[in-house]
Amino acid sequence: NPNYDFITAKYPEQQLREIPRNKLTLTRLLGQGAFGEVYEGSLKNLCANVKELPVAVKTLPALSMDQAEKDFLMEAVIISKFMHKNVVKCLGVCFEEHPRYIILELLEGGDLRTFLRDSRTKGDHACTLSMEELLKLALDIANGCRHLEEKHFVHRDVAARNCLLTSRGPERIAKIADFGMSRDIYSSDYYRKGGKAMLPIKWMPPEAFLDGVFTSKTDTWSYGVLLWEIFTLGYMPYPGQTNSDVMHFVASGGRLDPPDKCPARLSKIMIMCWNSVADIRPSFSEIIELLDMCLQDDEVLNANVSLCHYPMSDC
Ligand SMILES: CN1CCN(c2ccc(C(=O)Nc3n[nH]c4c3C=[N+](C(=O)[C@H](O)c3ccccc3)C4)cc2)CC1
């Protein structure tokens, strides 16, 4: 996996900060990850002026396989490389004994896809979030992705499920928060192709699932699907289609329909992200400029996000 080269080749000197385990208290379980749990916790006097710091603690079960251990370490090393307000921060690790912990900044709003789905009001299919709020979420993640692009890091799994929110209120900030190499093998978001890796087919461009080619333009394609997720308030992409349906559909030129009543300026960005020629897809700097234009455009701000009515799918 070239991302491993990214780490070992360029930054061998960067050490992970080992945190004494006795400074850490785990309070409650936040979620079950693919290879472990994530707890809310608190960190005592990490530094002078902070007595107790609320944190998220990712755990690796003590009896994990070697590969899981390597992936877990790799996730900590990768996250520690980035310093950006839209990328989750790693505060340190407890790696000297089992169970191993990765200590991350606590984001209390939960993941972006759940938040979008919860923000639908029942029945009248209106939405509790304004276009401006949705655009700001989109811009937060685009900024995080631009930082990864600048660092020549390809994420490979940009999707709403892998983003977290600082809170659910109007001051919420969205961050890219999952750099795990392992995939939730029980989630229908992933597809085991050729008995090997679990692939998020519905978020991948043709050159990735056909030829295994991954560049920052792979993340651009995935980001276009994330935009579609945001403006459908968390629908499953390609409703009613299986992963293998989608591989054939997309490889032969098929694309997601932009959400209905989605303003043209916004749909255009999605379509640009899904250009079959990777080089023609926009960089994240270009995407940010285009989204900033949307934020200035009343036609976009006054559009109402109406939920598409997909008959049979897990909407
Ligand atoms: C209505 N309520 C609102 C509150 N809510 C939550 C649900 C989950 C969380 C949560 O996991 N927060 C996290 N903070 N930091 C990290 C987290 C996860 N991390 C990870 O690294 C996880 O692997 C990860 C990464 C991306 C997305 C999900 C999980 C790092 C917080 C609130 C439950 C529903």
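Structure report, in brief. In this text, all values refer to a predicted model and were calculated from it rather than measured experimentally.

Cut-offs and rules
Residues numbered from 1 in each chain as written. Predicted model: local features only at pLDDT ≥ 70, side-chain atom pairs only at ≥ 80, totals over all residues. Heavy atoms only, no water. Near = heavy atom within 4 Å. Polar contact = N/O pair within 3.5 Å; in protein donor to acceptor, adjacent residues only side chain to side chain. Areas by Shrake-Rupley, 256 points an atom, 1.4 Å probe, with all protein chains shown as cover. Helix = DSSP H or I, 4+ residues; strand = E, 2+ residues; numbered from the N terminus. Nonpolar A, V, L, I, M, F, W, Y, C, P; charged D, E, K, R; others polar. Pairing = 2+ DSSP bridges. Buried < 20%, exposed > 50% of the residue type's maximum accessible area, 1.4 Å probe, protein only. Contact = heavy atoms within 4.5 Å. Expected span 1.5 Å × (residues − 1). Phe/Tyr/Trp six-rings, centres within 6.5 Å; stacked < 30°, edge-to-face > 60°. Lys NZ or Arg CZ within 6 Å of the ring centre and 35° of its normal.

### Observations concerning the site of the ligand
- Around the ligand sit 16 residues in total, of which Lys58, Glu105, Leu107, Arg161 and Asp178 are the nearest.
- One of the side-chain N or O atoms of Lys58 is found 2.9 Å from an oxygen atom in the ligand.
- Ala177 has a polar backbone atom sitting 3.5 Å from an oxygen atom of the ligand.
- Relative to its unbound accessible area of 680 Å², the ligand is 74% covered by the protein chains.
- Elements that contribute at least two residues to the shell around the ligand include exactly strand S3 (50–60) and strand S5 (100–105).
- Each residue belonging to the shell around the ligand can be placed in one class, and the counts come to eight nonpolar, two polar and six charged.

### Side note on unusual backbone geometry
- Here the bond from His98 into Pro99 is cis, since omega is -10 degrees, no more than 30 degrees from zero.
- Along the polypeptide, Pro99 turns up in the loop between strand S4 (90–94) and S5.
- If you check the backbone angles, His152 has positive phi at about 55 degrees while not being a glycine.
- Topologically, His152 is positioned in the loop between helix H4 (131–150) and strand S7 (163–165).
- Of note in the backbone geometry, Leu233 takes a positive phi value of approximately 55 degrees without being a glycine.

### Description of the pairing of strand S2 (residues 37–47)
- As paired elements, strand S1 (residues 24–32) and S2 share seven bridges and run antiparallel to each other. Note that in S2 the partner of Thr25 across the bridge is Ser42.
- Both S2 and S3 contribute to a ladder of eight bridges, which runs antiparallel. Residue Lys44 lies in a different strand from S3, and its bridge partner there is Glu52.
- What sits between the antiparallel neighbours S2 and S3 is a turn of two residues.

### Looking at the side chain of Arg161
- Looking at where Arg161 falls in the secondary structure, it is placed in the loop between H4 and S7.
- Residue Arg161 is classed as buried on the basis of its relative accessible area, which comes to 16%.
- A polar contact is formed between the side chain of Arg161 and the side chain of Asp157, at a distance of 2.9 Å.
- Side chain to side chain, Arg161 and Tyr190 meet in a polar contact 2.9 Å long.
- Setting aside anything within four residues of it in sequence, one finds Arg161 in contact with Asp111, Arg113, Asp189, Tyr190, Pro200 and Trp203.

### What to know about helix H6 (residues 216–231)
- The end-to-end C-alpha distance of H6, which contains 16 residues, comes to 23 Å, matching closely the 22 Å that a straight helix rising 1.5 Å per residue would cover.
- With 16 of 16 residues buried, H6 lies mostly within the body of the structure.
- Between the side-chain oxygen at the start of H6 and the backbone nitrogen of Lys217 there is a gap of 3.0 Å, and the oxygen is on Thr215.
- Backbone geometry just after H6 places Leu233 at a positive phi near 55 degrees.

### Focus on the packing of aromatic side chains
- According to the stated counting rule, one finds six aromatic pairs in the structure shown.
- Measuring from ring centre to ring centre gives 5.9 Å for Phe72 and Phe95, while their planes differ by 35 degrees; the resulting arrangement is tilted. In this pair, Phe72 is assigned in helix H2 (residues 66–81) and Phe95 in the loop between S4 and S5, connecting sequence segments 23 residues apart.
- The exposure class of Phe72 is buried, given its relative accessible area of 0%.
- With a centroid separation of 6.2 Å and an interplanar angle of 80 degrees, the aromatic rings of Tyr238 and Phe249 are classed as edge-to-face. Of this pair, Tyr238 sits in the loop between H6 and helix H7 (243–251) while Phe249 sits in helix H7, and the two are eleven residues apart along the sequence.
- A relative accessible area of 3% means that Tyr238 is categorised as buried.
- The ring of Tyr101 has Arg21 lying over it, and the distance from NZ or CZ to the ring centre is 4.8 Å.
- Arg161 extends its terminal NZ or CZ atom over the ring of Trp203, reaching a point 4.1 Å from the ring centre.

Shape is all these values report; function is a separate question.
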